[in-house]
Amino acid sequence: ADFAVFDSSVVRGLAYYTGIVFEGYDRRGELRAICGGGRYDGLMRLYGSASPVPCVGFGFGDCVIMELLADLKLLPDLPRQVDFVVAAYGQ
């Protein structure tokens, strides 16, 4: 397959997954997972839900995305500047 490969050996390390899990990689397969996620129907109960809420979600890391975009020469050339500095003082 050009875009999707099923691998039943994928295991994500978070205990709240209740069903299928997945990971996304670049086509070359040279980087670690760009994103990962899965089914987690019981997660909302950890935050006070009275009943299970069917959920599917994913997250991705900024470091892997930046590395991939740099490899593909797709990073924009943005000037480095500081517009604001916020500092907390006091107790």
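The preceding data block contains the structure.
To keep things clear, this report deals only with the structure shown in the data block.

### Observations concerning the environment of Ala70
Then comes step 1: Examined against the element boundaries, Ala70 turns out to sit in helix α1 (residues 62–71).
Then comes step 2: Relative accessible area serves as the criterion here: at 39%, Ala70 is assigned to the partly exposed category.
Then comes step 3: Considering only alpha carbons, one finds Ala70 and Val85, 15 residues apart in sequence, at a separation of 28 Å.

### Remarks on the nonpolar core
Then comes step 1: In terms of nonpolar packing, the biggest core is built from five residues, these being Tyr17, Val21, Tyr40, Leu43 and Cys55.
Then comes step 2: With sequence-adjacent residues up to four places away left out, Tyr40 is seen in contact with Tyr16, Tyr17, Thr18, Val53, Cys55, Val56 and Gly57.

### Description of the pattern of salt bridges
For side chains of opposite charge, pairing can occur when their charged atoms come near one another.
Then comes step 1: Applying the stated criterion across every chain yields a total of four salt bridges.
Then comes step 2: For Arg28, the salt bridge is made with Glu30, and the minimal N-O distance between the two is 3.6 Å.
Then comes step 3: A residue is classified by how much of its surface remains accessible, and Glu30, at 56% relative accessible area, is exposed.
Then comes step 4: In this structure, Asp71 and Arg28 form a salt bridge, with 3.9 Å as the shortest nitrogen-oxygen distance. With Asp71 in helix α1 and Arg28 in the loop between β1 (21–24) and β2 (35–39), this pair connects stretches of sequence that are 43 residues apart.
Then comes step 5: Taking the relative accessible area as the measure of exposure, Arg28 reaches 41% and is therefore partly exposed.

Thresholds applied
- Residues numbered from 1 in each chain as written.
- Predicted model: local features only at pLDDT ≥ 70, side-chain atom pairs only at ≥ 80, totals over all residues.
- Heavy atoms only, no water.
- Helix = DSSP H or I, 4+ residues; strand = E, 2+ residues; numbered from the N terminus.
- Buried < 20%, exposed > 50% of the residue type's maximum accessible area, 1.4 Å probe, protein only.
- Core = buried A, V, L, I, M, F, W, Y, C linked by side-chain atoms within 4.5 Å.
- Contact = heavy atoms within 4.5 Å.
- Salt bridge = Lys/Arg side-chain N within 4 Å of Asp/Glu carboxyl O.

What is shown is where atoms sit, not what they do.
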